[in-house]
Amino acid sequence: MHKTNLPFRLLVEKKQSGSRNMAVDEALLLSMKNPCPPILRLYGFKPTCLSIGRFQNREDIKNNALLKKHNILLVRRPTGGKAVLHINEITYSIILSQNHIQPFTKRTAYRFSANLLIKLISSLGVHGNIYRNHTSKLDHTNLQPQYSNSLDGNCYKHISEYEILGKKKLKLVGSAQTTTRFATLQHGSIPLSDKYGKIDSFLSAETPPSRIEIVSVESETGTLYTFRSAQKILYNTAIHELGMKISKLTEEEQLLAEKLEQTKYNQANWTSIK
C-alpha cells in the first residue's frame, strides 16, 4: 500500500440518515482543499437507506410505496455507480488529497483504497482479493454471468478494477468514487449479511435483475457481526495496526455538512435530477 506523509484521521460515527451521511462525506471532500491528513470514516445508516449513484437514472427505482412501507429512505450519492441497499452493513469512506497520493488519479486512488480495505476486512476474517482486470487472469470471461447485464441497477451486478472480491471471485464490497481538482472521495458498503439482496424488489422492471449469489462477511467467514462489533474491530485495526489517529469532525466540517444536508441531500430535486 502507498504510504502517506501524514497519519490518517479516523472518524468513527454512529448510524445516521442517508442525507446526513452523504453530506458529511462531501463536506470532508470539500475540506481537503486545505492541507490536512487523509481520512478514514466508518459509519452506518439508520433507518435503512437505498442510495443511488450521482448519474443513475431515477427510473431505476420502481417501488416508492414499498420503500415507504419498509421505512427505507432514498438518497442520491455524490459519487457514481449503481444502487446500494444499506442494511446490515458497515460503510466506509476514504478521502485523499493530491498531496497524499502520487500520481493523483482515480486509478491510483482506487488502488490505494483497495489495499487499505484488504487490510481492514482481514481483521474480520475475510480473505479478500483485488480485481485487477489489466494484469490478472481474473477477467470478465471467468467471472459469474451476473456482471454482464449493464442495465441492472444493482451495484453488486457490476465490477470495476480494484474492487474487492470474496473467495468465490464474486464482488464483496460495493464502492463508488468522485474526484475534484484537489481531492478524491471513495465510499462503499461492506455487507455483514445477505439482507442487501432484497434490493432487487425495489428496482425497475425495465432493468430486469440478473441472478446473483449473495456474498457477505457472514458468507465468507461464517460469523454474523453486528454493526457495533464490526465497527469496533475495524477501528481497533485502523488505530493499532495502521497507525490512524481517532478524530472528530471540526466545527467547520460540521457546519458545511449541515448546510449540504439542508440545501442538497434533503431536497427532492437532487434525488430526482435524473
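Residues numbered from 1 in each chain as written. Predicted model: local features only at pLDDT ≥ 70, side-chain atom pairs only at ≥ 80, totals over all residues. Heavy atoms only, no water.

**Q** Quick rundown of the environment of arginine 76? Include the residues and the values.
**A** Considering the arrangement of structural elements, one finds arginine 76 in strand E4 (residues 73–76). Counting along the chain gives 58 residues from arginine 76 to glycine 18, while the straight-line C-alpha distance between them is 8.7 Å. In this structure the side chain of arginine 76 is engaged in a polar contact, spanning 2.8 Å, whose partner is the backbone oxygen of glycine 53. Within the structure, arginine 76 has its side chain in polar contact with the backbone oxygen of arginine 54 (distance 3.2 Å). (Helix = DSSP H or I, 4+ residues; strand = E, 2+ residues; numbered from the N terminus. Polar contact = N/O pair within 3.5 Å; in protein donor to acceptor, adjacent residues only side chain to side chain.)

**Q** Now, about the pattern of salt bridges: what can you tell me, with residues and values included?
**A** For the structure shown, the criterion picks out seven salt bridges. When the shortest N-O distance is used, the salt bridge between arginine 9 and glutamate 253 registers 2.9 Å. Of this pair, arginine 9 sits in strand E1 (residues 9–16) while glutamate 253 sits in helix H6 (residues 251–265), and the two are 244 residues apart along the sequence. Comparing arginine 9 with glutamate 253 shows no difference in burial state: the two are buried. When salt bridges with common partners are traced through the structure, they connect Glu13, Asp25 and Arg41 into a single cluster. (Salt bridge = Lys/Arg side-chain N within 4 Å of Asp/Glu carboxyl O. Buried < 20%, exposed > 50% of the residue type's maximum accessible area, 1.4 Å probe, protein only.)

**Q** Tell me about the packing of aromatic side chains, and name the residues and values.
**A** One pass over the structure, following the stated rule, counts four aromatic pairs. Ring geometry for phenylalanine 8 and phenylalanine 112: centres 6.2 Å apart, planes at 20 degrees, overall stacked. Here phenylalanine 8, found in the segment before E1, pairs with phenylalanine 112, found in helix H3 (residues 106–122); they are 104 residues apart in sequence, far enough to count as distant. Residue class for phenylalanine 112 comes out buried when judged on its relative accessible area of 1%. Consider the rings of tyrosine 156 and tyrosine 196, whose centres lie 4.6 Å apart with planes at 40 degrees: the pair is tilted. Of this pair, tyrosine 156 sits in the loop between strand E7 (129–130) and strand E8 (164–165) while tyrosine 196 is found in the loop between strand E10 (183–191) and helix H4 (217–221), placing the two residues 40 residues apart along the sequence. By relative accessible area, tyrosine 196 is classed as buried at 4%. Lying over the aromatic face of tyrosine 43, arginine 41 brings its terminal NZ or CZ to 3.7 Å of the ring centre. We note lysine 171 situated over the ring of tyrosine 156; from NZ or CZ to the ring centre the distance is 5.8 Å. (Phe/Tyr/Trp six-rings, centres within 6.5 Å; stacked < 30°, edge-to-face > 60°. Lys NZ or Arg CZ within 6 Å of the ring centre and 35° of its normal.)

**Q** Hey, could you go over the packing of helix H1 (residues 18–31) against H6 for me, with residue numbers and the actual values?
**A** It is the contact of H1 with H6, at a shortest axis distance of 8 Å, that shows an interaxial angle of 125 degrees. As far as their axial angle goes, H6 and H1 are oblique. Here H1 and H6 pass one another in a crossing that is right-handed. Only Glu253, Gln254, Leu256, Ala257, Glu258, Leu260, Glu261, Lys264 and Tyr265 of H6 make contact with H1, whose side of the interface consists of Ser19, Arg20, Met22, Ala23, Val24, Glu26, Ala27, Leu28, Leu30 and Ser31. The residue makeup of the contact of H1 with H6, split by class, is ten nonpolar, three polar and six charged. (Axes fitted to C-alpha atoms, helices over the stretch in contact; angles between N-to-C directions. Parallel < 35°, antiparallel > 145°, perpendicular 65-115°, else oblique. Left-handed = near helix turned anticlockwise from the far one by under 90°. Contact = heavy atoms within 4.5 Å. Nonpolar A, V, L, I, M, F, W, Y, C, P; charged D, E, K, R; others polar.)

**Q** So what about the environment of methionine 22? Which residues, and what values?
**A** Structurally, the position occupied by methionine 22 is in helix H1. According to the relative accessible area criterion, methionine 22 is buried, its value standing at 2%. With 235 residues separating them along the chain, methionine 22 and alanine 257 place their C-alpha atoms 8.5 Å apart. Ignoring sequence-local partners within four residues, the contact set of methionine 22 consists of Tyr43, Phe45, Val75, Arg76, Arg77, Pro78, His187 and Tyr265.

**Q** Residues and numbers for the packing of H3 against helix H5 (residues 227–240), please.
**A** Relative to each other, H3 and H5 sit at 120 degrees, their axes nearing to 8 Å. The orientation of H3 relative to H5 falls into the category oblique. The hand of the H3/H5 crossing is right-handed. Mapping the contact onto sequence places Lys119, Leu120 and Ile121 in H3 and Leu234, Thr237 and Ala238 in H5. Along the lines of polarity and charge, the residues of the contact of H3 with H5 split into four nonpolar, one polar and one charged.

**Q** So what's going on with the sheet that holds E10? Residues and values would help.
**A** Strand order in the open sheet formed by six strands is E9-E10-E6-E2-E1-E11, with mixed pairing between adjacent strands. The two strands at the open ends of the sheet, each matched to only one other strand, are strand E9 (174–179) and strand E11 (245–247). On average, adjacent strands in this sheet sit at an angle of 20 degrees to one another, irrespective of strand direction. Of the strands in this sheet, E1, strand E2 (39–45) and strand E6 (89–97) are in contact with H5, which crosses E1 at around 175 degrees. (Pairing = 2+ DSSP bridges.)

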